[in-house]
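# Examining the three-dimensional arrangement
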Amino acid sequence: MPNEKTLLAMDLTAMMAVEQLANETKQPEEKVLLDFMESSTAKMLYDDSTKLWWDGPAAAAEDFKSQNK
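Below is a short write-up of the structure. Because the structure is a prediction, the values reported are computed rather than measured.

## Some words on the side chain of D63
- Structurally, D63 can be placed in helix 4 (residues 57-67).
- By relative accessible area, which is 17% here, D63 ends up buried.
- Polar contacts involving the side chain of D63 include one to the side chain of T41, which spans 2.6 Å.
- Apart from the residues lying within four places of it in its own chain, the contact partners of D63 are T41 and M44.

Right under this line is the structure:
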């Protein structure tokens, strides 16, 4: 189980990725957030063993886009 600081970093990464995706797709952040949090990207982001959050929000956004083409 990730510690509190790691969870905060994961949350921040997710929110920044959602903001980027919403800006790129011109969709409401609320819709993008729901889609993102139900995705396999979110599962990977919150799985500390994958370390996706280390790569930052741009990497999370790219992973989400590549899995949702």
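## Section: the nonpolar core
- If you look at the biggest cluster of nonpolar residues, it comprises 15 residues, and the most contacted ones within it are A17, L21, V32, F36 and L45.
- For this core, the secondary structure elements donating two or more residues are helix 1 (4-25), helix 2 (29-37), helix 3 (40-45) and helix 4.
- Per-element accounting of this core gives the leading share, six residues, to helix 1.
- Excluding anything up to four places from it in sequence, F36 contacts A14, A17, V18, L21, T41, A42, L45, A60 and F64.

## Describing the packing of helix 1 against helix 4
- Orientation of helix 1 relative to helix 4, taken along the N-to-C sense of each, is 55°, at an axis distance of 8 Å. Between helix 1 and helix 4, the interaxial angle falls into the category oblique. The hand of the helix 1/helix 4 crossing is right-handed. Residue-level contacts link T13, M16, A17, Q20, L21 and E24 of helix 1 to P57, A58, A60, A61, F64 and K65 of helix 4.
- The residue makeup of the contact of helix 1 with helix 4, split by class, is eight nonpolar, two polar and two charged.

## So, the packing of helix 1 against helix 2
- One can describe the packing of helix 1 onto helix 2 by two numbers: an axis separation of 9 Å at closest approach and a directional angle of 125°. For the element pair helix 1 / helix 2, the angle class is oblique. Every pair of crossing elements has a handedness; the one defined by helix 1 and helix 2 is right-handed. On helix 2, the residues touching A14, M15, A17, V18, E19, L21, A22 and T25 of helix 1 are E29, V32, L33 and F36.
- Among the residues making up the contact of helix 1 with helix 2, the classes are represented as nine nonpolar, one polar and two charged.

Definitions and limits used
- Along each chain, numbering runs from 1 in the same order as the chain's sequence is written.
- Restriction of local features to residues with pLDDT of at least 70 applies here, the model being predicted, together with a cutoff of 80 or more for giving and counting side-chain atom pairs; totals for whole chains, interfaces and linings are based on all residues.
- Water and hydrogen atoms were dropped before computing side-chain values, which therefore reflect all heavy atoms in the structure.
- In this description a helix means any DSSP run of H or I spanning at least four residues, a strand means any run of E spanning at least two, and both kinds are numbered starting from the N terminus.
- Using a 1.4 Å probe on the protein chains alone, a residue whose accessible area is under 20% of its type maximum counts as buried, one over 50% counts as exposed, and one in between counts as partly exposed.
- Polar contact is the term for a pair of N or O atoms within 3.5 Å; when the atoms are in protein, one must be able to donate a hydrogen and the other to accept it, and sequence-neighboring residues count only if both atoms are side-chain atoms.
- Throughout, a contact is declared for two residues whenever any of their heavy atoms are within 4.5 Å.
- Among buried residues, those of type Ala, Val, Leu, Ile, Met, Phe, Trp, Tyr and Cys that are joined through side-chain atoms within 4.5 Å constitute a nonpolar core.
- Think of each axis as a best-fit line through the C-alpha atoms, taken over the contacting stretch in the case of a helix, with angles from 0 to 180 degrees between the N-to-C directions.
- Note on angle classes: values under 35 degrees are labelled roughly parallel, values over 145 roughly antiparallel, values of 65 to 115 roughly perpendicular, and the remainder oblique.
- Handedness of a helix crossing follows the sense of rotation of the near helix relative to the far helix, less than a right angle counterclockwise being left-handed and clockwise being right-handed.
- Three classes are used, and their members are as follows: Ala, Val, Leu, Ile, Met, Phe, Trp, Tyr, Cys and Pro are nonpolar, Asp, Glu, Lys and Arg are charged, and the others, Gly among them, are polar.

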